[in-house]
Amino acid sequence: MGRAPQVKGWCPDVFAPMQAKDGLLVRVRSPLRGFDAYGLRALAVLAQRFGNGCIELTNRGNVQLRGFAAESLAEAQNFARDASLVESDPALEKRRIVMVAPLAGLDPTEHPRTMAVAQAVADFIRDEPRMAGLHPKFSVALEGGGVVPCGLLAAELSLWADGTAWRVVCGKQMSTPLYEAEALRIMALLLERVATDMDLARPSRAIGAFCACFPDLGWENIPAQSSGSVLVGALPSDMWGAGVVLGRMQGDALARVADVMMAHEMQGERVRVTPFRGVIMPQKLAEVLSNESWLIMQADDPRLRVKACIGALGCTQAGDETRDIALGMAPLIPEGQLLHVSGCVKGCAHPRVADVTLVTHGEDHYDVVLNGRARDGAMASRVVPSAVGDVLAQIWKEDTLHDDIS
């Protein structure tokens with residue numbers, strides 16, 4: 001097995017880039033309501049003018065740009081400021097950590113106050129000076145339920161809708177239901193605590209100690225949940241969900257989306273990035289873009305069944321190429337199964353459990369993990385690339401036989 005991968009202690013942004021094999025890597029956080037045509041155009045220009053043009057969608061619904069150079073970073077930062085892609089103050093940019101479910105404000109079956117509550121939490125984090133002490137990897141999620149069930153966003157602290165009320169969520173624990181005013185008061189209290197207590201800075205990693213500090217919230221175990229939908233196809237409010245192949249596109253593709261929106265008088269419409277490495281757009285925009293090769297418009301497309309990181313092309317920690325093998329295997333993957341191809345045991349492309357995970361180790365071989373994460377124990381090790389297809393075929397054949405017997 002290769003050397004242990006390096007885990008960075010912060011999430012990169014335009015003002016705090018991260019060094020990668022293909023240059024500096026930066027992230028632009030998504031606005032709560034998504035990007036309009038001008039924002040998409042600015043992202044495309046930022047990626048093409050200052051980076052290598054590669055744009056990736058992250059597990060938290062943000063946008064990652066690759067290949068930036070240190071000598072032009074200051075110019076890129078000024079461009080991002082002028083285009084309103086980021087806060088002018090780098091310290092405030094770090095506090096843009098509130099996420100909402102992809103259909104927040106669009107789904108008539110969600111909690112009607114989802115966006116209002118999300119904005120209230122975001123305003124508190126932005127304006128309260130003590131929030132400067134939040135951990136660099138801290139995040140907050142607001143999930144209103146409805147078409148997208150609660151529990152699909154990964155965050156340190158969350159508020160989940162429960163009927164007309166809200167529950168505070170940390171890891172696998174949730175509070176008893178709270179009315180909105182009380183939920184906001186409690187959330188402010190919890191945020192102040194984790195911002196000032198180093199032992200609780202990452203509460204999802206210290207759930208027992210965190211919950212013990214607030215016993216009056218009546219913490220309960222979260223029931224088992226489904227994995228949810230990737231949101232591809234027709235959605236409420238005349239929106240359409242589309243996958244993005246391996247969550248990756250080029251700047252010229254995004255520029256085309258902006259051009260189409262402007263040409264069809266959709267400047268005021270929004271495109272949202274989902275945490276499933278996809279996008280949500282107006283149906284009329286989807287109709288124009290239906291033949292774009294980097295977009296996945298149908299829910300039965302096998303390319304939705306694979307996830308892969310940038311691999312050795314852009315990451316020094318990756319053992320080998322990942323993307324071609326993932327796409328090559330896609331047609332073989334049974335419906336309802338997920339294959340994750342990871343360049344190392346960090347599993348950046350899919351930190352959660354996958355049906356099958358292939359992990360490269362830099363010696364022209366893969367480890368195969370069943371029903372686990374990239375860091376978990378392998379059921380088969382040192383599988384050469386030419387044998388991977390046979391191993392996966394055997395796994396899926398056995399699953400099929402088991403299903404037939406059941």
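Before reading on, note that the structure itself is shown above.
Residues numbered from 1 in each chain as written. Predicted model: local features only at pLDDT ≥ 70, side-chain atom pairs only at ≥ 80, totals over all residues. Heavy atoms only, no water.

Asker: What should I look at first to understand the sheet that holds strand 10 (residues 220-221) in this one?
Answerer: To summarise the sheet geometry, strands pair through backbone hydrogen bonds and adopt either a parallel or an antiparallel arrangement. A sheet is described by the order of its strands in space; here six strands give the open sequence 5-6-7-8-9-10, paired in mixed fashion. In the strand order of this sheet, the two ends are held by strand 5 (98-100) and strand 10, each with one partner. Strands in contact with helix 4 (residues 114-127) are strand 5, strand 6 (140-143), strand 7 (157-162) and strand 8 (165-170); relative to strand 5, the strand with the most contacts, it is inclined by about 170°. Sheet contacts for helix 5 (residues 180-196): strand 6, strand 7 and strand 8; angle to strand 7, the most-contacted strand, approximately 170°. (Pairing = 2+ DSSP bridges. Helix = DSSP H or I, 4+ residues; strand = E, 2+ residues; numbered from the N terminus. Contact = heavy atoms within 4.5 Å. Axes fitted to C-alpha atoms, helices over the stretch in contact; angles between N-to-C directions.)

Asker: What am I meant to see in the packing of helix 1 (residues 37-50) against helix 7 (residues 251-263) here?
Answerer: Running from N to C, helix 1 and helix 7 cross one another at 155°; their axes reach a closest spacing of 8 Å. On the basis of their axis angle, the class for helix 1 and helix 7 is roughly antiparallel. In terms of crossing hand, the pair formed by helix 1 and helix 7 is left-handed. Each of A37, Y38, L40, R41, L43, A44 and Q48 in helix 1 lies in contact with helix 7, whose residues at this interface are G251, D252, L254, A255, V257, A258, D259, M261 and M262. (Parallel < 35°, antiparallel > 145°, perpendicular 65-115°, else oblique. Left-handed = near helix turned anticlockwise from the far one by under 90°.)

Asker: Got a minute to help me understand the pattern of salt bridges in this structure?
Answerer: Opposite charge on two side chains lets them pair, provided their charged atoms get close. The tally for this structure, following the rule as stated, stands at 21 salt bridges. One salt bridge connects E56 with R248, and the closest N-O pair in it is separated by 2.9 Å. Of this pair, E56 sits in strand 3 (residues 54-57) while R248 sits in strand 13 (residues 248-250); the two residues are 192 residues apart in sequence, bridging distant segments of the chain. Take E56 and R248: they sit in the same class, and that class is buried. One connected set of salt bridges, linked through shared partners, spans D13, R29, E93, K94 and R96. (Salt bridge = Lys/Arg side-chain N within 4 Å of Asp/Glu carboxyl O. Buried < 20%, exposed > 50% of the residue type's maximum accessible area, 1.4 Å probe, protein only.)

Asker: Can you walk me through unusual backbone geometry in this structure?
Answerer: The bulk of non-glycine residues show a negative phi, and the bulk of peptide bonds are trans. Positioned with a positive phi, D238 is a non-glycine residue whose angle comes to about 55°. Along the chain, the position of D238 falls in the loop between strand 11 (233-235) and strand 12 (239-244). You can call D238 exposed: its relative accessible area is 61%. At R277, a position not held by glycine, the phi torsion is positive, near 55°. With respect to the helices and strands, the residue R277 is situated in the loop between strand 14 (272-273) and strand 15 (278-282).

Asker: Honestly, the nonpolar core in this entry has me stumped. Any pointers?
Answerer: The nonpolar side chains of a soluble globular protein tend to be buried with one another. If you look at the biggest cluster of nonpolar residues, it comprises 47 residues, and the most contacted ones within it are L46, L65, L85, M281, L285 and L295. Per-element tally for this core: the top contributor is helix 1, with nine residues. Setting aside chain neighbours within four positions, we find L46 in contact with V28, G51, L65, F68, A76, F79, A80 and L85. If you look at the next biggest cluster of nonpolar residues, it comprises 36 residues, including A104, L134, V168 and L200. (Core = buried A, V, L, I, M, F, W, Y, C linked by side-chain atoms within 4.5 Å.)

Asker: How should I be thinking about the pairing of strand 20 (residues 366-372) in this particular structure?
Answerer: A regular strand places its side chains on the two faces of the sheet in alternate fashion. Burial analysis of strand 20 places five of its seven residues in the buried class, which makes it a mostly covered element. Bridge count for strand 19 (residues 354-360) against strand 20 is six bridges, and the pairing is antiparallel. When the bridges of strand 20 are listed, A354 appears paired with G372. Bridge count between strand 20 and strand 21 (residues 380-383): two bridges; the pairing is antiparallel. Looking at strand 21, one finds that Y366 is bridged to V383.

Asker: In this structure, what is going on with helix 5? I would like to understand it.
Answerer: Residues three or four positions apart in an α-helix share a direction because the helix packs 3.6 residues into each turn. In this model, helix 5 (17 residues) spans 24 Å end to end at C-alpha, consistent with the 24 Å of a helix rising 1.5 Å per residue. Restricting attention to buried positions, one finds in helix 5 the residues A183, I186, M187, A188, L190, L191, V194 and A195. Looking at the buried positions of helix 5, the neighbouring elements they touch are helix 4, strand 6, strand 7, strand 8 and helix 6 (207-213). (Expected span 1.5 Å × (residues − 1).)

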